[in-house]
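# A closer look at the structure
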Amino acid sequence: TVTPSANINATQQPGDGYELIDSRPTLFDKKSRNEVPISVEKFLHLNEKSVWNQSAPVVVEILVELRSSPTARWVREPLELANRLQVGDFIDAQDNAHKWYEAIVRELTPETVRVHYFGWASKWDGVLPRRKGVGPKNISPPAALWTHTTPWREKIKVGDEVEVRESASLVQRPKWYKATVIAVSREFDSPREIAGGADLEQNDENEKGEKVPLVLLSRKRQILVRVPQEKHNVSTTVQPVGNTDGNIPIQPPYVRWINLYGEEVCKANTHNTAKKQTNTAPATVSYAVEPERKPVTVMKSFNNIHGTGFVRESLRGVPPAPGSVGLHNLGNSCYMNSILQCINHIPSITQYFLKGEYQKEVNKNNPLGSGGKVATAYASFLNDIWTGEYSILAPRLLKQIVGCYAPQFNNNYQHDSQEFHQYLMDGLHEDLNRVKDKPYVEDVEALGMKDDRAAIESWKKHLLRHDSLFVDYTQGLHRSHLTCPSCGKESIKFDVYSSISLPLVPSKNRPSIPLEDCLDQFAAGEQLDEHNAWYCSGCKKHVCALKLITLWNSTPLSESPIFQCLLHLLNNSLTLRYSHLFHVIAPDVLVLHLKRFTYEKCSQVDGRIIRSKIEDKVDFPIDRLDLTPYVLGPKDPDAPPIYKLFGVSEHTGATANSGHYTATVRNSKDGNWYRYNDSHVGTTSGDAAVTGGAYLLFYQRAKGSLRWAGMEKEMMQHKGGFTDAEGWTAIGKKR
């Protein structure tokens, strides 16, 4: 007779987890670091699942069996287990591959036992012989729980690795992720709220007869896990119920509580085997530097649409370098792949997503965004790219989400990579716009104002409606001066840009076009065509105005002799050229769009639009693009306007909506150059990108960083210098 703290049922109950636990009545003593004998009461307390909450004496009948040695078999064990098995008992069971797993009895016949393997979908349920020599051959009959498996949950501690189900995985097709234990509840803690986890099969019944997920031995201990691969999919923070462990923030499904004895968790390497550390060197191809390099041939379907007709899934393997992963062509999606490879190596943006910093800035109510879906899909894409587990990815989810909110991309047609780049950057900005309620603001008319004040006022108004990481590092300002050729009415605006479209003017006397000529041509005056006509408030009609993009200038440009000369030349239909006039400010990430495609109306062919492409090579610098002569906005000696190339989106073919896109990119981790032709990744050099196919040039500031392209410092210096009609105070509060 013993006096336990609870009542122990004297009879076996269905589903109570009948066990013949092969355990000697000892306990590990931390002080002596030896196994020490324990009392019968303590032994029962450690091995009984019942909660001890009574103090009345209870008679417990104990059958004690001795064996000749610690390794000898228990004589009565097979007979007892076979006779006493009931539906709901937890056992060790072997599968067809002769591996042992924890299992629960689902059905019994005189000869067989149908079991559900704990932690596996029901489609893997198996049938075992009830005794040796009967039922299915080559499979052992059930064994007592934890005789072939290990009670690993009892020894779980902070820092251990486990496997948990992906939060979005299907019940019958679970996907498993590696997780780290960061907190372990105590035996009698109040249960925490289980939120953000995967849907589980309803394999058990509670006291009310309701179907609930299965819990091994009905034990309620819980663990707090961190799942790195779920970092991109954090939902609203859920506060735990009952005791907490420190101040660990709960961010399901990235950081979430799970039942230690539930089917949402398994021992490490149960579903995802450990990677071998040998022969991990990636195989790559090298691309030679060729003046007229041709693209690598890719797999085509019967109708020559790139990537269609084939089922393409992500392929696990070691990439040539961190972040250098091939992308499957999902049906003429090379335009998307080309851009994704380039912007993937913008460190400030990529780390912002990988570290989860974007999560607190998702703007779900912005009508110009997707409610955060594009941003979340892009974060998931980056997470897969940088895990190091894939050599090729199929960016299917990102393409589908983009197609939902930008229907022009919801097809298998070829598209302009520049248009996709513009949409993706704008879409990510609106999804992560820190401005929740956009006020109405009017453009700043800068005519008659000093340029520095006009630029700051324009940027302040821009920030009242647009504020995100993309505004911080990828947007700049230029000064646009429009003049009506009829009445001379003028307008000066400081416009925000995220890329610069440079005109190309081929020369028969030179084999290539210097990038400097493109910059000069961009800064030269031009007359707007009828499709881009400007509304003149003086003439009360749309006119083909003269447009100049110029430097800051304290003197109104209309009063300058240079401008009067340009206007005279325009009126006399002469060529305009005004060199070295450029943008007010340049951001950390500068994107140059080479305008290779022209669209002209041909009167000889029924007025049809004739499309053509300029195939001339543009000579652009790789390691040093110095914009100092062009930029007269704020300059910082610690972050000068000197840039280095890190990516090129390339095109081969006749038009932007046909042909094929590739990319040549400098890896942001190892500094080496790689060429991406959809799923093919090869080593190359930056010089190899200087071809007639270069279409978008991606540059990064070579030294230092300037938020808002330097406007932040300018605004702080001028903060108290003039009135706050529209909003320095509002910007400060919003930030």
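Residues numbered from 1 in each chain as written. Predicted model: local features only at pLDDT ≥ 70, side-chain atom pairs only at ≥ 80, totals over all residues. Heavy atoms only, no water.

### Observations concerning the overall build of the protein
Worth spelling out the cut-off: Under the DSSP-based scheme used, a helix requires at least four consecutive residues in state H or I and a strand at least two consecutive residues in state E, with every element numbered from the N terminus. Shrake-Rupley sampling with a 1.4 Å probe provides the accessible areas, and residues are treated as covered by the protein chains on show and by no other component.
Helix and strand counts for the protein come out as 13 helices and 36 strands. Accessible area for the protein stands at about 36,700 Å²; split by element, carbon and sulfur atoms hold 50% of it.

### Regarding the pairing of strand β21 (residues 500-503)
Where we set the bar: In this scheme, a residue with accessible area under 20% of its type's maximum is buried, one over 50% is exposed, and one in between is partly exposed, where area comes from a 1.4 Å probe on protein chains only. Two strands are counted as paired when DSSP detects at least two bridges linking them.
Across the two faces of β21 the burial differs, with I500 and L502 buried and S501 and P503 not buried at all. Sheet analysis places β21 next to strand β27 (residues 589-595), joined by four bridges and oriented parallel. If you follow S501 over to β27, its bridge partner there is H593.

### What to know about the environment of N366
What counts, and what does not: Any pair of N or O atoms that falls within 3.5 Å is considered a polar contact. Within protein, one atom must be able to donate a hydrogen and the other to accept it, and sequence-neighbouring residues count only if both atoms are side-chain atoms.
Following the sequence through the fold, N366 ends up in the loop between α4 (347-354) and α5 (373-385). Accessibility expressed as a relative area gives 7% for N366, which makes it buried. A distance of 3.0 Å separates a polar atom in the side chain of N366 from the backbone nitrogen of L368. In terms of polar contacts, N366 uses its side chain to reach the side chain of E430, at 2.7 Å.

### Details of the packing of α4 against α5
Filter applied, for reference: Orientation is described by lines fitted to C-alpha atoms, with helices fitted over the stretch in contact, and by angles between N-to-C directions that extend from 0 to 180 degrees. Each angle is binned into one of four classes, with values under 35 degrees roughly parallel, values over 145 roughly antiparallel, values of 65 to 115 roughly perpendicular, and all other values oblique. Note on contacts: a residue pair qualifies if any of its non-hydrogen atoms lie within 4.5 Å across the two residues. Classification used: nonpolar for Ala, Val, Leu, Ile, Met, Phe, Trp, Tyr, Cys and Pro, charged for Asp, Glu, Lys and Arg, polar for all others including Gly.
Where α4 contacts α5, the axes come no closer than 9 Å and their chain directions differ by 95°. As the angle between them shows, α4 and α5 are arranged roughly perpendicular. Contact residues: α4 offers T350, F353 and L354, while α5 offers A375, Y378, A379, L382 and N383. Within the contact of α4 with α5, the residues separate by chemical class into six nonpolar, two polar and no charged.

### Digging into the sheet that holds strand β7 (residues 143-144)
Strand order across the open sheet formed by five strands is β6-β5-β4-β3-β7, with antiparallel pairing between neighbours. Looking along the sheet, the strands with just one partner apiece sit at the ends: β6 (126-129) and β7. Relative to strand β4 (residues 100-108), strand β3 (residues 90-94) runs antiparallel, the two being bridged by five bridges. Considered in β4, the bridge of D92 is made with E102.

### Let's talk about the side chain of N337
Relative to the helices and strands, N337 is located in helix α3 (residues 334-343). Polar contacts involving the side chain of N337 include one to the main-chain carbonyl oxygen of H328, which spans 3.3 Å. Those residues in contact with N337 that sit more than four places away from it in its chain are L327, H328, N329, P395 and D678.

### Observations regarding the pattern of salt bridges
In a structure, side chains of opposite charge can pair up when their charged atoms sit close to one another. Inclusion rule: Each reported salt bridge corresponds to a side-chain nitrogen of Lys or Arg within 4 Å of a carboxyl oxygen of Asp or Glu.
In total, this model carries 22 salt bridges according to the counting rule given. The partner of R256 in a salt bridge is E264, and the shortest N-O contact between them spans 3.2 Å. Relative accessible area serves as the criterion here: at 0%, R256 is assigned to the buried category. Shared partners join several salt bridges into a network, and the residues in it are E361, R434, D467, D472 and R707.

### What about the sheet that holds strand β13 (residues 255-259)?
Read across the sheet, five strands follow the order β13-β12-β9-β8-β14 without closing on themselves; strand pairing throughout is antiparallel. Both edges of this open sheet fall to β13 and β14 (265-267), since each of them pairs with a single strand only. Strand-to-strand, the axes of this sheet are offset by a mean angle of 45°, without reference to chain direction. Bridge analysis of strand β8 (residues 161-165) against β14 gives three bridges, and the strand direction is antiparallel. Residue pairing for β14: V162 is matched across the bridge by K267.

### Regarding α5
Because the α-helix completes a turn every 3.6 residues, residues three or four places apart line up on one side. Definition in use: Here, expected helix span is obtained from the residue count minus one, scaled by 1.5 Å.
With 13 residues, α5 extends 18 Å between its outermost C-alpha atoms, agreeing within 8% with the 18 Å of an ideal straight helix rising 1.5 Å per residue. The element α5 is largely enclosed, with a buried count of ten among its 13 residues. Buried residues of α5: V374, A375, A377, Y378, A379, S380, F381, L382, N383 and I385, and no others. Contacts from the buried residues of α5 go to β17 (326-327), α3, α4, β18 (390-393), α6 (396-405) and α7 (417-431).

### Some thoughts on the nonpolar core
Convention followed: By convention a nonpolar core is built from buried Ala, Val, Leu, Ile, Met, Phe, Trp, Tyr and Cys residues, the set being connected through side-chain atoms within 4.5 Å.
Counting 56 residues, the largest nonpolar core has F353 and Y378 as its most contacted members. Per element, the largest residue contribution to this core is eight residues, and it comes from α5. Among residues more than four places away in sequence, those in contact with F353 are Y358, A375, Y378, A379, L382, L428, L432 and F470. Counting residues in hydrophobic clusters, the runner-up holds 30 residues, among them I513, L627, Y630 and A694.

### A few points about the environment of L463
Note on placement: L463 falls in helix α8 (residues 451-465). L463 gets classed as buried once you look at its relative accessible area, which sits at 0%. Spatially, the C-alpha atoms of L463 and R434 are 9.7 Å apart, while their sequence positions differ by 29 residues.

### Some points on α6
Residues L398, K399, I401, V402 and G403 constitute the buried set of α6. Of the surrounding elements, those touching the buried residues of α6 are α3, α5 and α7.

### Details of the packing of aromatic side chains
Spelled out, the test is: Only Phe, Tyr and Trp rings are paired, with Trp represented by its six-membered ring, and only when their centres lie within 6.5 Å; those with planes under 30 degrees apart are stacked, over 60 edge-to-face, the remainder tilted.
Tallied over the full model, the rule gives 14 aromatic pairs. Ring geometry for Y101 and Y117: centres 6.0 Å apart, planes at 70°, overall edge-to-face. Residue Y101 is found in strand β4, and its partner Y117 is found in strand β5 (residues 112-117); the two are separated by 16 residues along the sequence. Owing to a relative accessible area of 16%, Y101 belongs among the buried residues under this scheme. The exposure class of Y117 is buried, given its relative accessible area of 6%. Within the aromatic cluster, the residues linked to one another by ring pairs are Y352, F353, Y358, Y378 and F381.

### Considerations on the packing of α3 against α7
To be explicit about the condition: Left-handed describes a crossing in which the near helix is turned anticlockwise from the far one by less than a right angle; the clockwise case is right-handed.
At a closest axis distance of 9 Å, the pairing of α3 and α7 adopts a crossing angle of 55°. With respect to α7, the axis of α3 lies oblique. For the crossing formed where α3 meets α7, the hand is right-handed. For the pair formed by α3 and α7, the contact residues are Y335, M336, I339, L340 and I343 on the first element and S417, F420, H421, L424 and M425 on the second. Residues that form the contact of α3 with α7 fall into these classes: eight nonpolar, two polar and no charged.

### Re the side chain of D92
For clarity, the threshold we go by: For the purpose of counting charges, residues Lys and Arg are taken to be positive, whereas Asp and Glu are taken to be negative. His and the chain ends are not included.
Among the secondary structure elements, D92 is positioned in strand β3. At 8.8 Å, R153 is the nearest oppositely charged side chain to D92, a buried residue that forms no salt bridge. Polar side-chain contacts of D92 include one of 3.1 Å to the backbone nitrogen of W146. Discounting residues that sit within four places of it in the chain, D92 has contacts with W100, Y101, E102, P142, A143, A144, L145, W146, T147, H148 and T149.

### Here's the deal with unusual backbone geometry
Here the bond from P252 into P253 is cis, since omega is 0°, no more than 30 degrees from zero. When you line up the elements, P253 lands in the loop between β12 (222-226) and β13. Even without a glycine there, the phi angle at K540 is positive, about 60°. Locating K540 in the fold gives a position in the loop between β24 (534-536) and β25 (541-543). The exposed category is assigned to K540, whose relative accessible area is 60%.

### Comments concerning the confidence of the model for the protein
Keep in mind that low pLDDT regions are not for reading the predicted coordinates in detail. The cut-off we apply is this: Summary of the metric used: pLDDT quantifies the predictor's per-residue confidence within the range 0 to 100.
Of the residues in the protein, 73% have a pLDDT of 70 or more, and the chain-wide mean is 78. For the stretch residues 236-244, pLDDT sits under 50, and the model shows 21 contacts to residues farther than four places along the chain or on other chains. The low-confidence segment residues 720-728 (pLDDT under 50) makes 18 contacts with residues lying over four places distant or belonging to another chain.

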